[in-house]
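Descriptive structure summary
Below are the chains, spelled out letter by letter.
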Amino acid sequence: GEREQEEQGAKGEVNKVVAEVVKRVDAGTAGSVVYVAKEKLTRRDVTAVMQAVKRGWGTLSQGAAPASMVTKLFLGHDHIDDAAAGVLAAFIKQDLCALTELRLHDNKIGDTGAASLGSALHSNKKLSVLVLGGNNIGKLGAASLGLMLRFNGAVTDLDVSGNVLGDGGMGLLCDCLPANRTLRNLHLARNNISAEGLRKLGDALTGGSGLLRLNLGGNPLGGEGAKVLAEALQRRPMKISHLHLGAAAVGDKGATSIAHMLLLNRSLTALYLQGNGVSDAGAAALAEALEANSTLAELHVDGNMLKKKGVGLLAAASASNPVVRRPLGEEMAVAVAMGCHERLGGEGVMWGISTAILQRIVALSAQETSRKLR
């Protein structure tokens, strides 16, 4: 534990992999990316890496031939704790910092480490990608990252998936979203967020938001959560183009709410609903929406409870504008038969589907081909 780290620090030793990385950075052979994975990095190890990286930044600022100009730092699965995160934060604060990507997923960073990083990024103008997924960040850390989003004008991608934000942390993060105009991709998967947290998100996502991709997969949203989100997307002119709701337990109720939203929404181009317990009833609602929506280009519904009827309805609805990808339900033969559409993921084997549906598919496809030729 801590004593082991102190003993190692006293000897001045660093991890062997880190020592090699430092040599390559100083020699100018490391390129722009430093990648260390699945090592047990101590505070001393992180310091050694960052000192080498900083030397490269410094030579560039002096107009000399630089050592490796590192702009991307990937330290995933490295047991990085709050203390080591604090070391990273101290370097990020410096004017010399040239990092554009910092990936710290699957470490041991908690609220304190997240707060250090968030504070360091308040005025940073270069870092655009921050990945903190798979750590132990809760409400306080979420609040710190929210404040970072309020003041920072550079971060476009923030990934805090697989943490412990909960509805409380979601609310604290969302409080600052209305002031941000640069964030494009926000990943909040697997954070135990429910409908309550989505209400706060819905209030935060105003028409001025620049958010394009929103990932809420793996949260217990339920049908009510899907309804809250759908209503927010329906009543406000947002730019979100990719919405990830896989394994969120939305069920038929949620699928129906989302279908109603698709009747009016014209920004979504990709919708991910895998593994949500959607049956033929939910598929029917989605199919009806697809008839009216011309902007959705991808609908992922694999891993649900679709049977022959539901798959057929979706296939027929997207016949003139192939949109449904991998509608794999219980009847695999039906999904394979959907190969008559190049974007449905099948192999083109025409069996296991009713003649009436096939006839409609052919007719609608012919109409679309005729329209394009005019």
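Given the structure is predicted, the values throughout are model-derived calculations rather than measurements.

1. Side note on the overall build of the chain
- Secondary structure summary: the chain contains 14 helices and 11 strands in total.
- A total of 374 residues make up the chain; the buried ones form 51% of that total.
- Counting only contacts in the chain whose residues sit at least 6 apart along the sequence, the fraction spanning at least 24 positions is 82%.
- Accessible surface for the chain amounts to roughly 16,300 Å². Of this, 51% is attributable to carbon and sulfur atoms.

2. So, the packing of helix α7 (residues 166-174) against helix α8 (residues 195-204)
- Here α7 crosses α8 at 5°, and the two axes come no closer than 8 Å. In terms of axis orientation, α7 runs roughly parallel to α8. Residues D167, M170, G171 and C174 of α7 form the contact with α8, whose participating residues are E196, G197, L198, K200, L201 and A204.

3. Some words on the state of the cysteines
- Under the counting rule described, the total for this entry stands at 0 disulfides.
- In this structure C174 is a free cysteine whose sulfur lies 9.5 Å from that of C176, the closest cysteine sulfur available.
- The class for C174 is buried, based on a relative accessible area of 3%.

4. Details of helix α12 (residues 308-317)
- With 7 of its 10 residues buried, α12 lies for the most part within the structure.
- All buried positions along α12 are accounted for by G310, V311, G312, L314, A315, A316 and A317.

5. Let's talk about the pattern of salt bridges
- Scanning the entire structure with this criterion turns up 6 salt bridges.
- Where E101 meets R103, a salt bridge forms, and the shortest distance between an N and an O atom there is 3.0 Å.
- If you follow the salt bridges from partner to partner, you end up with K72, E101 and R103 in one network.

6. What about unusual backbone geometry?
- Positive phi outside glycine occurs at K38, with the angle close to 60°.
- Here K38 lies in the loop between β1 (33-35) and α3 (43-61).
- Taking the relative accessible area as the measure of exposure, K38 reaches 68% and is therefore exposed.
- The backbone of D106 shows a phi angle near 55°, a positive value even though the residue is not glycine.

7. Thoughts on empty space enclosed by the protein
- One pass over the full model with this rule turns up 2 cavities of 30 Å³ or more.
- Taken as a whole, the largest cavity spans an internal volume of roughly 50 Å³.
- Lining the largest cavity are L177, N180, L183, L205, S209, G210 and L211.
- Partitioned by chemical class, the residues of the lining of the largest cavity number 4 nonpolar, 3 polar and no charged.
- In this structure, the second largest cavity occupies an estimated 30 Å³ of space.
- The residue makeup of the lining of the second largest cavity, split by class, is 7 nonpolar, 1 polar and no charged.

8. Considerations on the environment of D302
- Structurally, D302 can be placed in the loop between β10 (298-300) and α12.
- Judged by relative accessible area, which is 17%, D302 ranks as buried.

9. Section: the side chain of E101
- By secondary structure assignment, the location of E101 is in strand β3 (residues 101-103).
- If sequence neighbours within four positions are ignored, E101 has contacts with T71, K72, L73, F74, L127 and V129.

10. So, the environment of R181
- Looking at where R181 falls in the secondary structure, it is placed in the loop between α7 and β6 (185-187).
- With relative accessibility at 45%, the residue R181 sits in the partly exposed group.
- Considering only alpha carbons, one finds R181 and T156, 25 residues apart in sequence, at a separation of 9.2 Å.
- A polar contact of 2.5 Å, which involves the side chain of R181, links it to the backbone oxygen of P178.

11. Some details on the confidence of the model for the chain
- With 79% of its residues at a pLDDT of 70 or more, the chain shows a mean pLDDT of 83.
- Low pLDDT (under 50) marks residues 365-374, which in the prediction has 3 contacts with non-local residues, meaning those over four places away or in another chain.

12. Let's talk about helix α11 (residues 280-292)
- With 13 residues, α11 ought to run about 18 Å at 1.5 Å a step, and its terminal C-alpha atoms sit 19 Å apart, in line with that.
- Taken residue by residue, α11 has D280, G282, A283, A285, L286, A287, A289 and L290 as its buried positions.

13. So, the packing of helix α9 (residues 222-235) against helix α10 (residues 251-262)
- Running from N to C, α9 and α10 cross one another at 5°; their axes reach a closest spacing of 8 Å. It follows that α9 is roughly parallel to α10 by the angle criterion. Between α9 and α10, the residues in contact are G223, E224, A226, K227, A230, L233 and Q234 and K253, G254, S257, I258, H260 and M261, respectively.
- Its residues assigned to classes, the contact of α9 with α10 shows 5 nonpolar, 5 polar and 3 charged.

Criteria and thresholds
- The numbering scheme is per chain: residues are counted from 1 as the chain's sequence reads.
- At least 70 in pLDDT is required for a residue's local features to be given in this predicted model, at least 80 for side-chain atom pairs to be given and counted, and no such filter applies to totals for whole chains, interfaces and linings, which use all residues.
- Excluding hydrogens and water, the side-chain values take into account all heavy atoms of the structure.
- We count a stretch as a helix when DSSP gives it H or I for four or more residues in a row; a strand needs E for two or more, and each element gets its number in order from the N terminus.
- Per-residue accessibility, obtained with a 1.4 Å probe over protein chains only, is compared with the maximum for each type, and a residue is labelled buried under 20%, exposed over 50%, and partly exposed between these values.
- Working rule for contacts: check all heavy atoms of both residues, and any pair within 4.5 Å makes them a contact.
- Computed by Shrake-Rupley with a 1.4 Å probe, the accessible areas treat only the displayed protein chains as cover when residues are assessed.
- For every element, the axis is a line fit to its C-alpha atoms; helices are fit only across the contacting stretch, and the angle between N-to-C directions ranges from 0 to 180 degrees.
- Oblique is the label for any angle not under 35 degrees, not over 145, and not in the 65 to 115 range, which are roughly parallel, roughly antiparallel and roughly perpendicular in turn.
- Note on disulfides: each one is a pair of cysteine sulfur atoms within 2.5 Å.
- In the sections that follow, a salt bridge refers to a side-chain nitrogen of Lys or Arg positioned within 4 Å of a carboxyl oxygen of Asp or Glu.
- Of the grid points, spaced at 1 Å and generated over the protein atoms alone, those admitting a 1.4 Å probe that cannot get out make up cavities, while open sets with protein on both sides within 12 Å along at least five of seven lines make up pockets; any residue with an atom within 4 Å of a point is treated as lining.
- Grid points are joined across faces, edges and corners, and a volume is the space filled by probe spheres set on the points.
- Each residue is assigned to one class: nonpolar for Ala, Val, Leu, Ile, Met, Phe, Trp, Tyr, Cys and Pro, charged for Asp, Glu, Lys and Arg, and polar for all the others, Gly among them.
- Pairs of N or O atoms within 3.5 Å make up the polar contacts considered here, provided that, within protein, one atom can donate a hydrogen while the other can accept it, and that residues adjacent in sequence are counted only when both atoms are side-chain atoms.
- A residue's pLDDT is the confidence the predictor assigns to it, expressed on a 0 to 100 scale.
- Given a helix with a known number of residues, its expected span is that number minus one, times 1.5 Å.

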